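Structural overview for review
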Amino acid sequence: MTTSMQRPDEAREEFLSGGDLERSERAALRRVVGLSTELADVSEVEYRRLRLERVVLVGVWTDGDSAYAEASLAELARLAETAGSEVLDGVVQRRQRPDPATYIGSGKVLELRDLVAANGADTVICDGELSPGQLRQLEDKLKVKVIDRTALILDIFASHARSREGKAQVELAQLRYLLPRLRGWGDAMSRQAGGQMGNGGIGTRGPGETKLETDRRRIHKRISKLRREILAMSKVRETKRGRRVANEVPSIAIAGYTNAGKSSLLNAITGAGVLVDDALFATLDPTTRRGTTPDGRSLTYTDTVGFVRHLPHQLVDAFHSTLEEVGEAQLLVHVVDGADPMPERQVSSVRDVLTEITKDRDEQMPQELLVVNKTDAADEVAIARLRHLFPDAVFVSARTGVGVEALQERIAELIPRPDALVEVFVPYTDGRLAARLHAEGEVLEERHSDEGTTIRARVGASLAAELSDSIVEPAAY
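Cut-offs applied
- Every chain's residues receive numbers from 1 upward, in the order its sequence appears when written.
- Local features in this predicted model are restricted to residues whose pLDDT is 70 or higher, and side-chain atom pairs enter the listing and the counts only when it is 80 or higher, whereas totals over whole chains, interfaces and linings include all residues.
- Values reported for side chains reflect all heavy atoms of the structure, with hydrogen atoms and water molecules removed beforehand.
- Stacked, tilted and edge-to-face pairs are distinguished by plane angle, under 30 degrees for stacked and over 60 for edge-to-face with tilted covering the rest, among Phe, Tyr and Trp rings (Trp via its six-membered ring) whose centres lie within 6.5 Å.
- Each ring is checked for a lysine NZ or an arginine CZ that lies within 6 Å of its centre and within 35 degrees of its normal; such an atom marks a charge sitting over the ring.
- Residue burial is assigned from relative accessible area. The probe radius is 1.4 Å, only protein chains are included, and a residue is buried under 20% of its type maximum, exposed over 50%, and partly exposed in between.
- The secondary structure listing takes helices from DSSP runs of H or I that are at least 4 residues long and strands from runs of E that are at least 2 residues long, numbered from the N terminus.
- When we speak of the arc, we mean the arc of directions from the helix axis to the C-beta atoms.
- The criterion used for residue contact is that any of the two residues' heavy atoms lie within 4.5 Å.
- Criterion used throughout: strands pair if DSSP finds at least two bridges between them.
- Angles run from 0 to 180 degrees between N-to-C directions of axes, and those axes are lines fitted to C-alpha atoms, restricted for helices to the stretch in contact.
- Salt bridges are counted wherever a side-chain nitrogen of Lys or Arg sits within 4 Å of a carboxyl oxygen of Asp or Glu.
- UniProt positions are given in the numbering used here, feature names are shortened, and annotations may be inferred rather than shown by experiment.
- Buried Ala, Val, Leu, Ile, Met, Phe, Trp, Tyr and Cys residues that are joined via side-chain atoms within 4.5 Å together make up what is termed a nonpolar core.
- The labels follow the angle: roughly parallel below 35 degrees, roughly antiparallel above 145, roughly perpendicular from 65 to 115, and oblique for the rest.
- Residue type decides the class: Asp, Glu, Lys and Arg count as charged, Ala, Val, Leu, Ile, Met, Phe, Trp, Tyr, Cys and Pro as nonpolar, and the leftover types, Gly among them, as polar.

**Section: the packing of aromatic side chains**
Summed over the entire model, instances satisfying the criterion amount to zero aromatic pairs. It is R94 that lies over the ring of W61; its NZ or CZ is 4.5 Å from the centre. The ring centre of F395 lies 4.1 Å from the NZ or CZ of R387, which sits over that ring.

Listed below in structure tokens is the structure:
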């Protein structure tokens, strides 16, 4: 008799959730060299990763207090670590505005060059978006790779996107960022189809086209294709959203700062099993899951992409179709990290981005329910301060489950209730209709008889119209 032995790793995989499998796959990724501005093929952009190993951070403090400037640089350090780099040092300079030529001024550039050399760094990350001229000047003077906050966030998005729509949106944002920063060196500036007399051969002499021009043309062509693809995918999303609206299922959008615990909260409420990780932008692709209120009504929860200070406008534009879920929702659950040193700054940053999204579509923001998460990681003084700042907020810990039930009850109070009151007789043979009444309406009373059940419920207008043509009265009622 033979018995088949199962390998331990195979046995473990049977119990892994989708989030666990994605975490394992992400840990196996290896970064590759290259943010070259010269493209052999424009499709390379999708697979680019910044080579971030040993980095020095640079920030310019223009407004606010010193604590805000230090918090912004600390967040940049977390972004750099999420991208796979080792942060060696960080400096902040106080200026009225960034220097238009070198971001920090020529004198500070020399000090920064000495700091980079002393630490053995190979990359400098600036806490802001650099112009093409600033980028070129800094690289020429520092002799190391220089990137800005926007390029760093785009790189993280590129490595974390999983769905077809997410990858297309990130590639579009990368291309739009790269286009004004194309540069050429040496032979790359030569003509592609031209040359001096006798060098190019018959049919190849003439002005031709530079490598730079060829890259620009390819990028514009690729951008146009990506926009068409994203538009087609957004129509699919609108169709799915339209079905939920037609069925009058309330939708809840979960939004908030990155790493505030949106995915953890979704898992705690619905058991969705999405990836949860203590990292910035751990999940990008929106996840929609069905749930129920404590009184039995159906609703959907959609986990959206996280926000951050100075979220690149290229990403806001590229993820516009995904973020439309917020504008279409009946309720916005705004998740805040209660353990963050400056949670009120998180709230204002998220609200700024949401206002930008909705104003383009001339929409009203849905009703907002503020949820302070990670109460288990915050001290009592911080929680007391937050209760004073946000008196209407719900305080929860998605990790321990404390406050989740109270949150679900609060959501049930805020979502719109069905407004049509109906009383129908449902034969025992029509289980489908009884299931719809329970799933899409609010059942108030049930009376059973020999032939069936009389159900008194509140339902939406569309279901009430359907029932008006199919009500079956009992013989003895």
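Anyway, onward from the coordinates.
**Brief notes about helix 14 (residues 404-414)**
Burial in helix 14 covers these residues: V404, L407, Q408, I411, A412 and L414. Viewed along the axis of helix 14, the buried residues span an arc of 165°, placing them on a single side of the element. Facing away from the buried side of helix 14, by more than 90 degrees, are the exposed residues E405 and E413.

**Considerations on the environment of L370**
Locating L370 in the fold gives a position in strand 9 (residues 367-373). Judged by relative accessible area, L370 falls into the buried class, the value being 8%. In the structure, L370 is positioned 22 residues away from D392 in sequence and 7.3 Å away in space, judged by C-alpha atoms. Look past the residues within four positions of L370 in its chain and what remains in contact with it is H334, V336, V347, R351, F390, A393 and V394.

**Here we look at unusual backbone geometry**
Unusually for a residue other than glycine, Y103 sits at a positive phi of about 75°. By secondary structure assignment, the location of Y103 is in the loop between strand 2 (86-94) and helix 4 (106-119). The phi angle at K143 is positive, at roughly 65°, despite the residue not being glycine. In this structure K143 comes out as exposed when scored by relative accessible area, which is 68%.

**Concerning the sheet that holds strand 11 (residues 420-427)**
Taken in spatial order, the three strands of this open sheet run 11-13-12, and their pairing is antiparallel. Among the strands making up the open sheet, the edge pair consists of strand 11 and strand 12 (442-448). Between one strand axis and the next, the sheet turns through 20° on average, direction left out of account. Here strand 11 pairs with strand 13 (residues 452-459) via eight bridges, running antiparallel. Bridged to L421 within strand 13 is R458.

**Examining the pattern of salt bridges**
The full count for this structure, using the stated rule, is 14 salt bridges. The shortest N-O distance in the salt bridge between D376 and R399 comes to 2.8 Å. Of this pair, D376 sits in the loop between strand 9 and helix 13 (380-389) while R399 sits in the loop between strand 10 (394-395) and helix 14, and the two are 23 residues apart along the sequence. Judged by its relative accessible area of 36%, D376 is partly exposed. Of the charged contacts, one joins R447 and E445 as a salt bridge, the two residues approaching to 3.3 Å between their closest N and O atoms. What you see here is one network of salt bridges that share partners, running through E75, D127 and R149.

**Some details on the UniProt feature "binding site: Mg(2+)" (unreviewed entry) in the chain**
The feature "binding site: Mg(2+)" (unreviewed entry), as given by UniProt, occupies S263 and T283 in the numbering adopted here. Tracing the chain through its elements places S263 in helix 9 (residues 262-270).

**Let's talk about the nonpolar core**
Judged by nonpolar contacts, the single largest core of 57 residues is most densely connected at L152, L265, V333, L407 and I411. Broken down by element, this core gets its largest block of residues, seven residues, from helix 6 (residues 149-160). Once residues within four sequence positions are removed from consideration, I411 is found in contact with I252, L299, Y301, L331, V333 and L369. With 17 residues, the next largest nonpolar core counts V60, I104, V109 and V124 among its residues.

**A few points about the pairing of strand 8 (residues 331-337)**
Of all seven residues making up strand 8, seven are buried, and the element is well covered by its neighbours. In strand 8, alternate side chains face the same way, and those of L331, V333, V335 and D337 on one face and L332, H334 and V336 on the other are all buried. As judged from the five bridges shared by strand 5 (residues 251-256) and strand 8, these two strands associate in the parallel manner. Bridge pairing in strand 8 places I254 opposite V333. In terms of strand pairing, strand 8 meets strand 9 through seven bridges, oriented parallel. For V333, the partnering residue across the bridge sits in strand 9 and is L369.

**Notes on the packing of helix 9 against helix 14**
Orientation of helix 9 relative to helix 14, taken along the N-to-C sense of each, is 85°, at an axis distance of 10 Å. By the criterion of interaxial angle, the relationship of helix 9 to helix 14 is roughly perpendicular. Listed contacts from helix 14 to L265, A268 and I269 of helix 9 are V404, L407 and Q408. Considered class by class, the residues forming the contact of helix 9 with helix 14 number five nonpolar, one polar and no charged.

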